[in-house]
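Geometric and topological summary
The primary structure of each chain is shown beneath.
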Amino acid sequence: QVQLVESGGGLVQPGGSLRLSCAASGFIFSYYHMSWYRQAPGNERELVARITNTGAITDVVDSVKGRFTIARDNSKNTVYLQMNSLKPDDTAVYYCNAAHQFWSGIDYWGQGTQVTVSS
């Protein structure tokens with residue numbers, strides 16, 4: 001059974017940091033590009049960061065550039081999102097996504113983890 005389980009969310013003050021984890025199982029992790037998305041209340045889900053299957057290439061959206069870093073450990077079947085200098089606008093449910101490196105029509109999603117940035 002394919003599973004993506006996010007963890008590490010919580011309440012943090014502005015300027016603080018969190019490290020999200022996404023543990024994958026049920027598929028060959030190293031064959032999949034991984035991404036983090038987020039969705040704030042009333043907003044559409046948006047891409048935050050992505051990393052290729054080997055970890056050779058990473059990318060983050062402009063709104064989090066310089067603050068967020070995506071990484072993966074294929075030996076642990078886990079992808080991470082290090083979030084620094086958090087802002088209230090970062091408040092959202094963060095979702096982990098897996099997309100096959102070749103079969104781009106196949107996507108897996110986690111259940112999400114809540115990140116709340118508030119004083």
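Here the structure is shown first, and the text comes after it.
Quick summary incoming for the structure in this document.

Conventions adopted
Residues numbered from 1 in each chain as written. Predicted model: local features only at pLDDT ≥ 70, side-chain atom pairs only at ≥ 80, totals over all residues. Heavy atoms only, no water. Helix = DSSP H or I, 4+ residues; strand = E, 2+ residues; numbered from the N terminus. Rg over C-alpha atoms; globule rule 2.2 N^0.38 Å. Buried < 20%, exposed > 50% of the residue type's maximum accessible area, 1.4 Å probe, protein only. Areas by Shrake-Rupley, 256 points an atom, 1.4 Å probe, with all protein chains shown as cover. Lys, Arg positive; Asp, Glu negative; His and termini not counted. Charge placed at Lys NZ, Arg CZ, Asp CG, Glu CD. Disulfide = S-S within 2.5 Å. Contact = heavy atoms within 4.5 Å. Patch = residues over 30% accessible without salt bridge, like charges linked within 9 Å, V, L, I, M, F, W, Y side chains within 5 Å. Salt bridge = Lys/Arg side-chain N within 4 Å of Asp/Glu carboxyl O. Pairing = 2+ DSSP bridges. Axes fitted to C-alpha atoms, helices over the stretch in contact; angles between N-to-C directions.

Concerning the overall build of the protein chain
Scanning the protein chain from terminus to terminus reveals zero helices and eleven strands. Taken from the N to the C terminus, the helices and strands of the protein chain come in the order β-β-β-β-β-β-β-β-β-β-β. For the protein chain, the C-alpha radius of gyration of 13 Å lies close to 14 Å, the compact-globule estimate for 119 residues. Structurally, the protein chain occupies a C-alpha span of about 40 × 25 × 25 Å along its principal axes. The burial tally for the protein chain puts 42% of its 119 residues in the buried class. Only carbon and sulfur atoms are counted for the fraction: they give 48% of the accessible area of the protein chain, which is about 6300 Å². Here the protein chain contributes 9 positively and 9 negatively charged side chains, and the mean placements of these two sets differ by 5 Å.

Things to note about the state of the cysteines
Note: disulfide means a covalent bond formed between the sulfur atoms of two cysteine side chains. Across all of its chains, the model carries one disulfide by this definition. Bridging cysteine 22 to cysteine 96, the disulfide has an S-S length of 2.1 Å. Looking along the S-S bond of the cysteine 22-cysteine 96 disulfide, the torsion reads about -85°, which is the left-handed sense. Residue cysteine 22 is located in strand β3 (residues 18-25), and its partner cysteine 96 is located in strand β9 (residues 92-100); the two are separated by 74 residues in the primary sequence. Both residues of the pair, cysteine 22 and cysteine 96, count as buried.

Topic: the environment of valine 115
Along the polypeptide, valine 115 turns up in strand β11 (residues 113-117). When the C-alpha atoms of valine 115 and leucine 20 are compared, they prove to be 9.3 Å apart, with 95 residues separating the residues in sequence. Not counting the four nearest positions on each side in its chain, valine 115 is found in contact with Gly9, Gly10, Leu18, Leu20, Met83, Asp90, Thr91, Ala92 and Tyr94.

Some points on a nonpolar patch on the surface
A contiguous nonpolar surface patch, about 390 Å² in accessible area, is contributed by Phe102, Trp103 and Ile106. Mapped onto the elements, isoleucine 106 comes out in the loop between β9 and β10 (107-109). Residue classification places isoleucine 106 among the partly exposed residues on the basis of a relative accessible area of 37%.

A look at the pattern of salt bridges
Applying the stated criterion across every chain yields a total of five salt bridges. A salt bridge links lysine 65 to aspartate 62; its shortest N-O distance comes to 3.0 Å. Notably, a salt bridge pairs arginine 67 with aspartate 90, separated by 2.7 Å at the nearest N-O pair. With arginine 67 in the loop between β6 (58-60) and β7 (68-73) and aspartate 90 in the loop between β8 (78-83) and β9, this residue pair connects regions lying 23 residues apart in the sequence. Here the residues in one salt-bridge network are Arg38, Glu46, Arg67 and Asp90, joined through shared partners.

A short note on the sheet that holds β8
Taken together, the four strands give an open sheet; going across it, the order is β1-β3-β8-β7, and neighbouring strands pair in antiparallel fashion. The strands lining the two open edges of the sheet, one partner per strand, are β1 (3-7) and β7. If you compare each strand with its neighbour and ignore which way they point, the axes differ by 15° on average. Both β1 and β3 contribute to a ladder of five bridges, which runs antiparallel.

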